[in-house]
Amino acid sequence: MIEQRLSEQRGLGDHGWLKSRHTFSFAGYYDPKQVGFSDLLVINDDRVVASRGFGAHPHSNMEIISYVLEGQLAHKDSMGTGSVIVPGDVQLMSAGSGVTHSEFNNSTTDGVHFLQIWIVPAENGTKPGYQQVSVAEEDKRGKLRLIISPTGDDKALSVRQDIKIYAGLFDGNEQDTVTLAENRYAYIHVARGSVKVNGIEFKAGDGARVRNETSLTFTDGDKAEVLLFDLRPVEVNHPNR
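Source: prediction; values computed, not measured.

Enquirer: How do you make sense of the side chain of Asp 89 when you look at a structure like this?
Expert: By the element assignment, Asp 89 lies in strand S9 (residues 89-94). Here Asp 89 sits buried without a salt bridge, and the closest side chain of opposite charge, Lys 140, lies 8.6 Å off (N-O distance). For Asp 89, the side chain forms a polar contact with the side chain of Ser 134, separated by 3.3 Å. Residue contacts for Asp 89: discarding those within four places in its chain leaves Ser 66, Tyr 67, Val 68, Val 84, Gln 132, Val 133 and Ser 134.

Enquirer: Where do I start with the sheet that holds strand S10 (residues 99-105) in this structure?
Expert: What links the strands of a sheet is backbone hydrogen bonding, and the strands pair in either a parallel or an antiparallel sense. An order of S5-S10-S7-S8 is seen for the four strands of this open sheet, with the pairing classed as antiparallel. Two strands in the sheet have a free side with no partner beyond their single neighbour: strand S5 (53-59) and strand S8 (82-85). Direction aside, neighbouring strands of the sheet carry axes that sit 20° apart on average. Bridge analysis of strand S7 (residues 73-77) against S10 gives five bridges, and the strand direction is antiparallel. Its bridge partner being in S10, Ala 74 is matched across the sheet by Phe 104.

Enquirer: Where do I start with the nonpolar core in this structure?
Expert: If you look at soluble globular proteins, the nonpolar side chains tend to sit buried side by side. One finds Leu 40, Val 90, Ile 117, Ile 147 and Phe 229 to be the most contacted residues of the largest nonpolar core, which totals 27 residues. Residue assignment for this core shows that the elements contributing at least two residues are strand S4 (40-48), strand S6 (63-70), S9, strand S11 (112-119), strand S13 (144-149), strand S15 (164-172), strand S17 (185-197) and strand S20 (215-231). Ignoring any residue separated from it by four or fewer positions in sequence, one finds Val 90 in contact with Ile 65, Ser 66, Tyr 67, Gln 131, Gln 132, Val 133, Val 135, Ile 147, Ile 148 and Leu 157. Core analysis: the next-biggest nonpolar cluster, separate from the first, contains 21 residues, Leu 146, Leu 180, Val 210 and Ala 224 among them.

Enquirer: I keep staring at the environment of Val 236 and nothing clicks. Help me out?
Expert: Mapped onto the secondary structure, Val 236 falls in the segment after S20. Accessibility expressed as a relative area gives 26% for Val 236, which makes it partly exposed. When the C-alpha positions of Val 236 and Val 35 are compared, they lie 8.7 Å apart, and in sequence the two are 201 residues distant. Leaving out residues up to four positions away in the same chain, Val 236 has contacts with Val 35 and Ser 38.

Enquirer: What is the right way to read the pairing of S4 from this model?
Expert: Regular strands place side chains that alternate from one sheet face to the opposite one. For S4, a buried count of eight out of nine residues is recorded, marking the element as mostly surrounded by other parts of the structure. Bridging between strand S3 (residues 18-22) and S4 involves five bridges; their strand directions are antiparallel. Within S4, the position partnered with Ser 20 by the bridge is Asp 46. Pairing geometry for S4 and S11, over eight bridges, is antiparallel. Directly across from Arg 47, in S11, lies its bridge partner His 113.

Enquirer: Just checking my understanding: could you explain the packing of aromatic side chains for this structure?
Expert: Where two aromatic rings form a pair, the distance of their centres and the angle of their planes describe that pair. Overall, the coordinates contain six aromatic pairs when judged by the stated rule. The interplanar angle of 0° and the centroid separation of 5.3 Å between the aromatic rings of Phe 37 and Tyr 185 together place this pair among those described as stacked. Taken together, the residues span a long stretch of sequence, with Phe 37 in the loop between S3 and S4 and Tyr 185 in strand S17 at a distance of 148 residues. Members of the aromatic cluster, connected to one another through ring pairs, are Phe 24, Phe 37, Tyr 185 and Tyr 187. Geometry around Tyr 185 places Arg 211 over its ring, the cationic atom sitting 5.4 Å from the centre.

Thresholds applied
- Residues numbered from 1 in each chain as written.
- Predicted model: local features only at pLDDT ≥ 70, side-chain atom pairs only at ≥ 80, totals over all residues.
- Heavy atoms only, no water.
- Helix = DSSP H or I, 4+ residues; strand = E, 2+ residues; numbered from the N terminus.
- Buried < 20%, exposed > 50% of the residue type's maximum accessible area, 1.4 Å probe, protein only.
- Lys, Arg positive; Asp, Glu negative; His and termini not counted.
- Salt bridge = Lys/Arg side-chain N within 4 Å of Asp/Glu carboxyl O.
- Polar contact = N/O pair within 3.5 Å; in protein donor to acceptor, adjacent residues only side chain to side chain.
- Contact = heavy atoms within 4.5 Å.
- Pairing = 2+ DSSP bridges.
- Axes fitted to C-alpha atoms, helices over the stretch in contact; angles between N-to-C directions.
- Core = buried A, V, L, I, M, F, W, Y, C linked by side-chain atoms within 4.5 Å.
- Phe/Tyr/Trp six-rings, centres within 6.5 Å; stacked < 30°, edge-to-face > 60°.
- Lys NZ or Arg CZ within 6 Å of the ring centre and 35° of its normal.

Below, the structure written as C-alpha cells:
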C-alpha cells in the first residue's frame with residue numbers, strides 16, 4: 001500500500017527569512033495523524049534567505065541529517081566541527097547526550113534550499129558525532145544510491161538506527177527498482193521535479209508512507225530528485241517530540 005501525501009498538505013512555517021514546509025508535525029504545526037513514521041520523525045523542506053540562518057541551539061538524542069538542494073549551508077557545532085555543505089553533500093550529526101550547533105546560509109546574495117531530516121536513535125545518551133560525505137551526481141543518476149545505513153556500507157554514513165536512506169536522480173527513460181525486505185516499511189519523498197513510483201505520479205514536495213510492498217520502481221522522471229527511507233515495520237508515536 002502506498003499512502004500518498006501531497007505537497008500542499010504539508011505544514012507551513014513562514015518567518016520571513018525562513019520558509020519551511022513540514023512533512024510531519026514540527027514546531028507550531030501539529031497534526032496528530034502526522035507525527036512521524038516509524039523512526040522517521042522530521043522532514044523539513046527549508047529555504048533560507050542570504051546571510052541568515054539558525055543561531056546556536058541545542059539538540060540531544062536525535063540523528064540529524066542535512067541534505068542541500070541549492071546553495072550553501074554553513075555548519076558549526078560544540079564538537080569543534082565546522083563545514084560548508086553544498087549540493088551533493090550529505091551531513092549527519094548524532095546529537096547523542098547533547099550538542100549545540102548553528103546553521104547559516106553562507107551566501108550574501110543567494111538563498112539556500114535544503115532538507116533537514118530527524119531520525120529517532122535506537123539508544124539515548126550516546127557520544128555525539130559528526131559525519132559528512134559528498135555523493136557525485138553520476139552516482140545517483142538513474143538509480144537509488146545508498147547514502148545512510150546502520151553500518152555505513154558502500155561509503156554510506158552510519159546512522160544509529162535500523163534505517164537505510166537512498167537518494168536518486170531520474171529524468172526521461174531512467175528507472176530503478178528497489179526491493180524491500182519482507183515486512184519493511186518505507187517512506188518516499190520527492191525533493192524536486194516529478195517521478196512515478198509503481199505507476200503513481202509524484203511531484204516536488206509529495207511523499208508517501210509505504211506498507212506491504214515488496215518493491216518500488218521509479219520511472220518517468222522529469223528532473224526528479226528523490227529520497228527513499230527503508231524503515232522498521234513499527235507504528236511509533238512520538239508525543240513528546
